[in-house]
Amino acid sequence: MEARIIRIRVKDPNGPQDRHVNLVVPDICPFCHHHSQIHVLARAASKDGSTAGALFQCGFEPCQSVFLGYYTLSNTVNSPVIFPSRPDGSVIPDIVIDISPSFYEIFLQAETALINGLTQIAGPGYRKALEFLIKDYASHLYPDHKDEIEDNFLGKVISEYIKEEKRIVEASKRATWLGNDETHYKRKWEDKDIHDLRELILLVVREIDASEKYKRYLAEMDKWKK
Ligand SMILES: [Zn+2]
């Protein structure tokens, strides 16, 4: 979908003329996380034309929350930083939250950092979230090995305790490689970034959710199998 643009007139720092700059209107509300028509209530720019702000209102009828967009202006299209920006917890299914409440908490903190533009902080946060997710999932599968799992390196936990679940192994291995890139001085995976790391973690999350639901249905219905 193409971004909705509004224009604002600002002073040109290099000359006497005013200039017009393009501001992107967000298409998602930071409160209800619905994609909706966002209304622009007001907009203004700083005197020197370097920054602008806008007041928005969510168009989703039951929400109608009001929030701010802050723009650092360039001559191209300007995307806002949104205040307040709150992560959407519904991307993590309840089954996964039950298995690892710590993962959920750390993941949402990393999300908050990412949507506030703090990518250097978000990266190690996602890496830490992944470690909690995998170790708590391994402990969920092998409750008697909880202590060993907690003491082991993440890579070893993946290869020893999750090996039955191939898709989780492959996605979490790759997430670990990218996660380590976020904490090391030198990057190895130059064509991948924090958004790939986030996407891989969400893939692991969806695979765990699917695997647990599958096992639950088999267990529940096999009781009655004739
Ligand atoms: Zn809303």
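About the cut-offs
Residues numbered from 1 in each chain as written. Predicted model: local features only at pLDDT ≥ 70, side-chain atom pairs only at ≥ 80, totals over all residues. Heavy atoms only, no water. pLDDT = per-residue confidence, 0-100. Helix = DSSP H or I, 4+ residues; strand = E, 2+ residues; numbered from the N terminus. Domains from an automatic or database assignment. Axes fitted to C-alpha atoms, helices over the stretch in contact; angles between N-to-C directions. Left-handed = near helix turned anticlockwise from the far one by under 90°. Contact = heavy atoms within 4.5 Å. Donors = N, O, S within 2.8 Å, 3.2 Å for Na, K, Ca; no water. Salt bridge = Lys/Arg side-chain N within 4 Å of Asp/Glu carboxyl O. Expected span 1.5 Å × (residues − 1). Buried < 20%, exposed > 50% of the residue type's maximum accessible area, 1.4 Å probe, protein only. Core = buried A, V, L, I, M, F, W, Y, C linked by side-chain atoms within 4.5 Å. Parallel < 35°, antiparallel > 145°, perpendicular 65-115°, else oblique. Nonpolar A, V, L, I, M, F, W, Y, C, P; charged D, E, K, R; others polar.

Observations concerning the confidence of the model for the protein
Here is step 1: Mean pLDDT for the protein: 92, with 99% of residues reaching 70 or above.
Here is step 2: No element of the protein has a lower mean pLDDT than strand β6 (residues 77-78), at 88, and none a higher one than helix α1 (residues 94-99), at 98.

A word on unusual backbone geometry
Here is step 1: With omega at -15°, the peptide bond leading from Phe83 into Pro84 counts as cis.
Here is step 2: Structurally, the position occupied by Pro84 is in the loop between β7 (81-83) and α1.
Here is step 3: Positioned with a positive phi, His33 is a non-glycine residue whose angle comes to about 60°.
Here is step 4: For His33, the location among the structural elements is in the loop between β2 (18-25) and β3 (38-45).
Here is step 5: For Gln64, which is not glycine, the phi dihedral falls at a positive 55°.
Here is step 6: With respect to the helices and strands, Gln64 occurs in the loop between β4 (51-58) and β5 (66-72).

Details of the domain arrangement of the protein
Here is step 1: For the protein, the assigned domains are domain 1 (4-83) and domain 2 (89-222).
Here is step 2: Taken over C-alpha atoms, the centre of domain 1 sits 35 Å from the centre of domain 2.

So, the packing of helix α3 (residues 119-141) against helix α5 (residues 154-161)
Here is step 1: It is the contact of α3 with α5, at a shortest axis distance of 10 Å, that shows an interaxial angle of 35°. Between α3 and α5 lies a crossing of left-handed hand. Contacts between α3 and α5 involve Arg127, Leu130, Glu131, Ile134, Lys135, Ala138 and Leu141 from the former and Leu154, Val157, Ile158 and Tyr161 from the latter.

Side note on the coordination of the zinc ion
Here is step 1: Taken together, Cys29 (SG), Cys32 (SG), Cys58 (SG) and Cys63 (SG) make up the full set of protein donors to the zinc ion, lying 2.3 to 2.4 Å away.
Here is step 2: The sequence pattern formed by the donor residues of the zinc ion is C-x2-C-x25-C-x4-C. One end of the pair, Cys32, is in the loop between β2 and β3; the other, Cys58, is in strand β4, and 26 residues separate them in sequence.

So, the pattern of salt bridges
Opposite charge on two side chains permits them to pair, given that their charged atoms come into close proximity.
Here is step 1: This model, assessed by the stated rule, comprises 14 salt bridges.
Here is step 2: It is possible to trace a salt-bridge network through shared partners that takes in Arg127, Glu131 and Lys135.

Brief notes about helix α6 (residues 166-183)
Three or four residues apart is the spacing at which side chains of an α-helix point the same way, because the helix has 3.6 residues per turn.
Here is step 1: With 18 residues, α6 should cover 26 Å at 1.5 Å per step; its first-to-last C-alpha distance of 26 Å lies within 8% of that length.
Here is step 2: Every buried residue of α6 is accounted for by Ile168, Val169, Ala171, Ser172, Ala175, Thr176, Leu178, Gly179, Asp181 and Glu182.
Here is step 3: Along its buried surface, α6 packs onto α3, α5 and α7 (194-222).

So, the nonpolar core
Here is step 1: The biggest cluster of nonpolar side chains holds 39 residues, and the ones touching the most others in it are Phe103, Phe107, Tyr126 and Ile201.
Here is step 2: Where this core is concerned, the elements lending two or more residues are α1, α2 (101-115), α3, α5, α6 and α7.
Here is step 3: Beyond its immediate sequence surroundings of up to four residues, Tyr126 is in contact with Phe107, Ala110, Glu111, Leu114, Ile194, Leu197, Arg198 and Ile201.
Here is step 4: Listed in part, the 16 residues of the second largest apolar core include Ile6, Val10, Leu23 and Leu73.

Looking at the packing of α2 against α7
Here is step 1: For the pair α2 and α7, the least separation of the axes is 13 Å and the interaxial angle reads 155°. With respect to α7, the element α2 is oriented roughly antiparallel. As α2 runs across α7, the sense of the crossing is left-handed. Judged by residue contacts, Phe103, Phe107, Glu111 and Leu114 of α2 engage Ile194, His195, Arg198, Ile201, Leu202 and Val205 from α7.
Here is step 2: When the residues that make up the contact of α2 with α7 are grouped by side-chain class, the tally is seven nonpolar, one polar and two charged.

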